[in-house]
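Coordinate inspection notes
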Amino acid sequence: MADARVTIEVGKDAVAIITICNPPVNALAIPIIEGLREKFTEAMTRDDVKAVVLTGNGGKFSGGFDINVFERIHKTGDISILPDVSVDLVVNVIEDAKKPVVAAIEGLALGGGLELTMGCHARIAVPNVQLGLPELSLGIIPGFGGTQRLPRLVGLSKAVEMMLSSRPITSEEGKKHGLIDAIVPSQELLEVSRKWALDIAGRGKPWILSLHRTDKLGSPSEARDTLKMARQQAKQTSKDMPQHHACLDVLEEGLIHGGYSGVLKEAKVFKELVLSDTSKGLVNVFFAQRATTKVPNVTDLGLKPRPIKKVAVIGGGLMGSGIATALILSNIFVVLKEINSEYLLKGIKAIEANIRSLVSRKKLSQERADKALLMLKGDLDYSEFKDMDMVIEAVIENVPLKQKLFSEIEKACSPHCILASNTSTIDLNIIGEKTRSQDRIVGAHFFSPAHVMPLLEIVRTNKTSPQVILDLMTVGKIIKKVPVVVGNCTGFAVNRTFFPYSQGAHILVNLGVDVYRIDQLISNFGLPMGPFQLQDLAGYGVYVATTKEFSSSFADRTFESPLLELLMKNGRNGKNNGKGYYIYEKGSKPKPDPSVLPIIEESRRLTNIMPDGKPISVTDQEIVEMVLFPVVNEACRVLDEVVVVRASDLDIASVLGMSFPSYRGGIVFWADTIGADHVYRSLKNWSEQYGNFYKPSRFLEERATRGIPLSAPASEISVSRSRM
């Protein structure tokens, strides 16, 4: 922030160049906003200035308002920290200025940065600039006039699409829609912008106040139809996101009562949303993702990542083919190894199908798809492994098999090659115990489908070298994953934290609660589907295998439910064979299967845990809490053992790996909003009624009784047992 400043330089042509300087993205921090007000006031009062060009330093215009300010407001509750930019600066100082202002845009103009440019009287950009209003992804709406000026520049329909999706467009698309007036080469940007500003001053070009334009808004009936469709879409896709509906309401205000009235309503709603729980949750997720790039004893050692250009993937099943797809899409050469020609052909076909699917959904061009597939080679032996930079093992969860493979690849690979496993639960020390290269062994745990899910859990043992961790973090970024470094234990961070999720649901079912009620309530909470539909989707074999791993490691808190074994005996395997808790028919949504109810009754008879043989009576809220509070409890153990660097790593991992609703901020953040004391007292009560599965952890008990947030740094609790 010491470098944050705004400069003014007046040329011989009487054009003042006002430059935003706040590396790396020229964020609009409070000192920058004050500096802009000061420099614009100076330019307007100077006799040697006829026009102004507003630009950003270092090849970027501005990445938007400083999000650290939102974090400060969330911690203090003090909304007065928020400066009045919309009216005081953008309307009064820039748009209503008595001298013309032209925005010269390079690199990016996002959020408040783009809103500043829209307050100017013209916008000149270089090619490939990113232009967008991503505020809704932070639980707020554009607050510097963007909801009013964008539709007046690009039309209502395009403006709604840009704001509700939070996706940026390029300057080329901006020119096509009227957001950008001209695109010029970078070396000509300031020269053209200066001349444009002087032409406006001399009335050679139009002096346009965006807020007062109406020519692109369409007729009232067209506007009503556009907003109606947008509201219906928001109701379906963003039902728990109040900012979407608020944005449309503010847009409508401007359409009915004029741009300035819309700006005033926008400013009011913006402040209200900044204080909302949704914004607090989404801002926490934003900072949590940023924090993953900093790993003590890895990123602070001055190490440089080694180039990873060739990777071997062992196993072409669901995970292996997905991992290989992710790598070749990012121009990393892959050798896919299988045990026979039939399996190898299946693996290659699965990768080709993944690529074809991306093309058909317009996520990938045919040219890029063809190029990616040229980066793939199949093999049945280790002959190519001597040239590999990394090997990722992605075979079934079988300890002897994995140990055998690691012994073989250690011999086949060069001494610098990284030896990674995609195991989701097995302790890496066990996998690598028969090798002599334990400093090169690391977990590369992808989530299914691996080429789509954004999380990469990087698992380090106490012997894994920092260089290997750094290299894998770099690969993660190259293949567009968010790498989270975690410690080594059964299930690591994410799967271990969430293993009580399904178990809590099974306890409830065996206590007499309806399967479909549980699924519906968890879905209403914000997860994509409930625990039973998730089991149907994953296949019962996966759940049974992982439960065995967790049972052996955490026997004191594992609930043994016979339900899945009974379902499999009945010939059910979920979506795989169309029969599970739900019926799966092509072209239709899953439907509850009434014929599963006798099997559930048999499970209840075998477990015999219903008090007095009668179903328990629970509220909807209690059901959600009885499923999710045990997850919070295990998260506390993960924090206590320092399996993660910080609590926010679990937050981002829960959102990206387990689809925990982002607007709730992540599993630990959500628990803190409820309060550790409520979580602790609830678990204690259930443990007395229903057993050890619900027994509160020591960490949770200490934090609850001492009034310390679960997310507070570990130093605030005296004892910890690091796995990092």
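For the protein chain, the name recorded in an unreviewed UniProt entry is Peroxisomal fatty acid beta-oxidation multifunctional protein AIM1, with Abeliophyllum distichum as its organism. In the Subunit (unreviewed entry) part of its UniProt record, the protein chain is described as follows: "Monomer."

All right, on to the overall build of the protein chain then. Within the protein chain, the regular secondary structure consists of 29 helices and 19 strands. Relative to the 2.2 N^0.38 estimate, which gives 27 Å for 724 residues, the radius of gyration of the protein chain is 28 Å and therefore close to what a compact globule would have. If one aligns the C-alpha atoms of the protein chain with their principal axes, the spans along those axes are about 85 × 65 × 55 Å. Taken over 724 residues, the protein chain has a buried fraction of 57%. Taking contacts inside the protein chain between residues at least 6 apart in sequence as the whole, the part at least 24 apart equals 73%. Here the protein chain displays about 30,300 Å² of accessible surface, and carbon together with sulfur accounts for 53% of that area. Charge centroids of the protein chain, computed over 86 positive and 81 negative side chains, lie 3 Å from each other.

Summary statistics for the protein chain give a mean pLDDT of 95 and a share of 98% for residues scoring 70 or more. Under a pLDDT of 50 for its full length, residues 716-720 has, in the predicted model, 10 contacts with residues more than four places off or in other chains.

Once that is clear, we can look at empty space enclosed by the protein. Following the criterion strictly, the structure yields 1 cavity of 30 Å³ or more and no others. Lining the largest cavity we find Phe499, Pro500, Arg557, Pro630, Asn633, Glu634, Arg637 and Phe693. Secondary structure elements with two or more residues in the lining of the largest cavity: α19 (494-510) and α25 (620-640). The dominant element in the lining of the largest cavity, judged by the number of residues it contributes, is α25, at 4 residues. For the lining of the largest cavity, the residue count by class is 4 nonpolar, 1 polar and 3 charged.

A few words on the nonpolar core. Most often, soluble globular proteins keep nonpolar side chains buried together rather than apart. With 98 residues, the main nonpolar core has Val391, Ile409, Ile518, Tyr581 and Leu710 as its most contacted residues. No other element matches α25, which puts 12 residues into this core. Once you skip the residues sitting within four places of it in the chain, Ile518 turns out to touch Ala505, Leu508, Val509, Val513, Pro531, Phe532, Ile623 and Val627. Listed in part, the 89 residues of the second largest apolar core include Ala16, Leu138, Ile141 and Leu164.

Within this numbering scheme, the UniProt entry marks residues 310-488 as carrying the feature "domain: 3-hydroxyacyl-CoA dehydrogenase NAD binding" (unreviewed entry). Annotated as 40% helix and 22% strand, the span residues 310-488 places its first and last C-alpha atoms 26 Å apart.

An α-helical segment advances 3.6 residues per turn. Residues three or four places apart therefore align on the same side. Residues of helix α20 (residues 515-525) that are buried: Val515, Tyr516, Ile518, Asp519, Leu521, Ile522 and Phe525. Backbone nitrogen of Tyr516 and a side-chain oxygen of the N-cap are separated by 3.2 Å at the start of α20; the cap is Asp514.

Overall, the coordinates contain 22 aromatic pairs when judged by the stated rule. Here the aromatic rings of Phe525 and Trp670 are separated by 5.2 Å at their centres, their planes lie at 80°, and the arrangement is edge-to-face. Residue Phe525 is found in helix α20, and its partner Trp670 is found in helix α27 (residues 667-674); the two are separated by 145 residues along the sequence. The two residues Phe525 and Trp670 agree in class, both being buried. When the ring of Phe693 is compared with that of Tyr694, the centres are 5.0 Å apart and the planes differ by 85°; the resulting orientation is edge-to-face. For Phe693, a relative accessible area of 9% puts it in the buried group.

This next bit is on the side chain of Asp593. Structurally, Asp593 is set in the loop between β19 (591-592) and α24 (597-607). Since its relative accessible area comes to 7%, Asp593 is described here as buried. Polar contacts involving the side chain of Asp593 include one to the side chain of Ser595, which spans 2.7 Å. Here Asp593 is in contact with Tyr516, Arg572, Gly580, Tyr581, Tyr582 and Ile583, once residues within four sequence places are set aside.

Turning to the sheet that holds strand β9 (residues 182-183), a few remarks are in order. If you trace the 6 strands from one edge of the open sheet to the other, you get β1-β2-β3-β4-β6-β9, paired in mixed fashion. The open sheet has two edge strands with one neighbour each: β1 (5-10) and β9. Across 6 bridges, β1 lies against strand β2 (residues 15-21) in antiparallel orientation. Its bridge partner being in β2, Ile8 is matched across the sheet by Ile18.

This paragraph deals with the UniProt feature "domain: 3-hydroxyacyl-CoA dehydrogenase C-terminal" (unreviewed entry) in the protein chain. As annotated in UniProt, the feature "domain: 3-hydroxyacyl-CoA dehydrogenase C-terminal" (unreviewed entry) corresponds to residues 491-584 and 623-703 in the numbering used here. Taken as a whole, residues 623-703 contains 73% helix and 0% strand, while its terminal C-alpha atoms sit 24 Å from one another.

Parameters at a glance
Residues numbered from 1 in each chain as written. Predicted model: local features only at pLDDT ≥ 70, side-chain atom pairs only at ≥ 80, totals over all residues. Heavy atoms only, no water. UniProt positions renumbered as here; feature names shortened; annotations may be inferred. Helix = DSSP H or I, 4+ residues; strand = E, 2+ residues; numbered from the N terminus. Rg over C-alpha atoms; globule rule 2.2 N^0.38 Å. Buried < 20%, exposed > 50% of the residue type's maximum accessible area, 1.4 Å probe, protein only. Contact = heavy atoms within 4.5 Å. Areas by Shrake-Rupley, 256 points an atom, 1.4 Å probe, with all protein chains shown as cover. Lys, Arg positive; Asp, Glu negative; His and termini not counted. Charge placed at Lys NZ, Arg CZ, Asp CG, Glu CD. pLDDT = per-residue confidence, 0-100. 1 Å grid on protein atoms, 1.4 Å probe; cavity = no way out; pocket = protein on both sides within 12 Å on 5 of 7 lines; lining within 4 Å. Points joined across faces, edges and corners; volume = space filled by probe spheres on them. Nonpolar A, V, L, I, M, F, W, Y, C, P; charged D, E, K, R; others polar. Core = buried A, V, L, I, M, F, W, Y, C linked by side-chain atoms within 4.5 Å. Polar contact = N/O pair within 3.5 Å; in protein donor to acceptor, adjacent residues only side chain to side chain. Phe/Tyr/Trp six-rings, centres within 6.5 Å; stacked < 30°, edge-to-face > 60°. Pairing = 2+ DSSP bridges.

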